[in-house]
Amino acid sequence: MKDENIYPIFDRMLSRKDKEALLGQRGVMLWLTGLSGSGKSTIAIALERELHKRGLLCRILDGDNIRSGINNNLGFSAEDRVENIRRIAEIGKLFVDTGIITIAAFISPGNELRQMAARIIGIEDFLEIYVSTPLVECEKRDVKGLYAKARRGEIKNFTGISAPFEAPEHPALSLDTSKLSLEESVNTLLELVLPIVGKKEEKI
């Protein structure tokens, strides 16, 4: 009996070009990195709303929907941190290849970690956004008391206190939220992103 119905699955799947044409936009990854409390998630949420207003489809990936779901079996060891970012990047690639503007908001403290993510997603689709808010300002905003606990030694390997953070070497954009308002940060991001992703044509 011939296996007449067995074909490589990618011969039957619609292409990324098809998906982007349907959405009227280009998929891209905006990878927000920075210390805890720097403003990553706040910027991501505000940016998503502004892009949505413009008819652009987005997806935010952050600790709330990743660590509580697909990565809920991972801790904070060096190995688990690598696996955490690897999985996030693989998920992000699926969204980007579907034409969705994907916004990842993760501390992702090492350059090698972020470079791994960029390789998985594709360098041409990866925009590294450094939320460069200084440590002293992040500690002032410490609403969860994490920095205080880290200073007391109650939290081990806390980025910025007992574990290092490597600033991006060549980010597409740097945003210091101790100097920029949320509106200014989002508008600066929009100036970068909109020409890249395009806009959907308005229906008449």
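Relevant structure appears above.
Keep in mind that what you see is a predicted model, and the values were worked out from it rather than measured.

Structural notes on the sheet that holds strand β1 (residues 28–33)
Here's step 1: Reading across the sheet, the five strands line up as β2-β3-β1-β4-β5 and stay open at both edges, with parallel pairing between neighbours. Taken across any chain shown, the strands that pair with only one partner, and hence form the sheet edges, are β2 (58–62) and β5 (173–175). Across the sheet, the mean angle from the axis of one strand to that of its neighbour is 20°, orientation sign disregarded.
Here's step 2: Where β2 and strand β3 (residues 101–105) come together, five bridges link them in parallel fashion. Bridging from a neighbouring strand, cysteine 58 pairs with isoleucine 101 of β3.

Description of unusual backbone geometry
Here's step 1: Located in the positive-phi region is serine 108, a residue other than glycine, with phi close to 35°.
Here's step 2: For serine 108, the position within the fold is in the loop between β3 and α5 (111–121).
Here's step 3: For serine 108, a relative accessible area of 4% puts it in the buried group.
Here's step 4: Phi at asparagine 157 is positive, roughly 55°, even though this residue is not glycine.
Here's step 5: Note on placement: asparagine 157 falls in the loop between α7 (146–151) and β5.
Here's step 6: On the accessibility criterion, asparagine 157 (44% relative accessible area) is partly exposed.

Conventions used here
- Residues numbered from 1 in each chain as written.
- Predicted model: local features only at pLDDT ≥ 70, side-chain atom pairs only at ≥ 80, totals over all residues.
- Heavy atoms only, no water.
- Pairing = 2+ DSSP bridges.
- Helix = DSSP H or I, 4+ residues; strand = E, 2+ residues; numbered from the N terminus.
- Axes fitted to C-alpha atoms, helices over the stretch in contact; angles between N-to-C directions.
- Buried < 20%, exposed > 50% of the residue type's maximum accessible area, 1.4 Å probe, protein only.

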